[in-house]
Amino acid sequence: MFALDGKKLYLLPVRGSETQWYKNVLQKPSIRIDARGAEGEFRATPIADAKAVKSVVEKFREKYGVKDVKKYYSEFDVTVVIELA
């Protein structure tokens, strides 16, 4: 799941800062995305600011619904943003 806002792609780790791919981004801020045959490598910026994370969570709730976000996500302490070219 993701949220797109202009040229910013937001990812929300399912278990927040305990999610393994998020821990990997902290070590190496590069992420590979493959979607419907289009792929690329991008710089991922982790965000832990509570206000910014809350804004991203709201984007997810608007897109996927409150119930699905609650069903799939257990922690809301971090997010990741990717600037698309």
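An account of the accompanying structure is given in this report. None of these values were measured; they are calculated from a predicted model.

A few words now on the sheet that holds strand E5 (residues 79-83). As summarised here, the arrangement of the 5 strands in space is E1-E2-E5-E4-E3, forming an open sheet in which the pairing is antiparallel. Two strands bound the open sheet, and with one partner strand each, they are strand E1 (3-5) and strand E3 (30-35). Shown here is a sheet whose adjacent strand axes are inclined to one another by a mean of 35°, direction ignored. Relative to strand E4 (residues 38-47), E3 runs antiparallel, the two sharing 6 bridges. From the neighbouring strand, Ser-30 faces E4, where its bridge partner is Arg-43.

Turning to the side chain of Thr-79, a few remarks are in order. Position of Thr-79 relative to the elements: it lies in strand E5. On the basis of relative accessibility, which here comes to 0%, the residue Thr-79 falls in the buried class. Beyond its immediate stretch of four places on either side in the chain, Thr-79 contacts Leu-11, Leu-12, Pro-13, Tyr-22, Thr-45, Pro-46, Ile-47, Val-53 and Val-56.

Looking at chain direction, E1 and strand E2 (residues 8-11) are connected through 3 bridges and run antiparallel. Across the sheet, residue Ala-3 finds its bridge partner in E2, namely Tyr-10. Hairpin connection of E1 to E2: 2 residues between the antiparallel strands, including Gly-6 at a positive phi of 65°. Alignment of E2 against E5, held across 4 bridges, turns out to be antiparallel. Counterpart to Tyr-10 in the pairing with E5 is Val-81.

Calculation criteria
- Residues numbered from 1 in each chain as written.
- Predicted model: local features only at pLDDT ≥ 70, side-chain atom pairs only at ≥ 80, totals over all residues.
- Heavy atoms only, no water.
- Pairing = 2+ DSSP bridges.
- Helix = DSSP H or I, 4+ residues; strand = E, 2+ residues; numbered from the N terminus.
- Axes fitted to C-alpha atoms, helices over the stretch in contact; angles between N-to-C directions.
- Buried < 20%, exposed > 50% of the residue type's maximum accessible area, 1.4 Å probe, protein only.
- Contact = heavy atoms within 4.5 Å.

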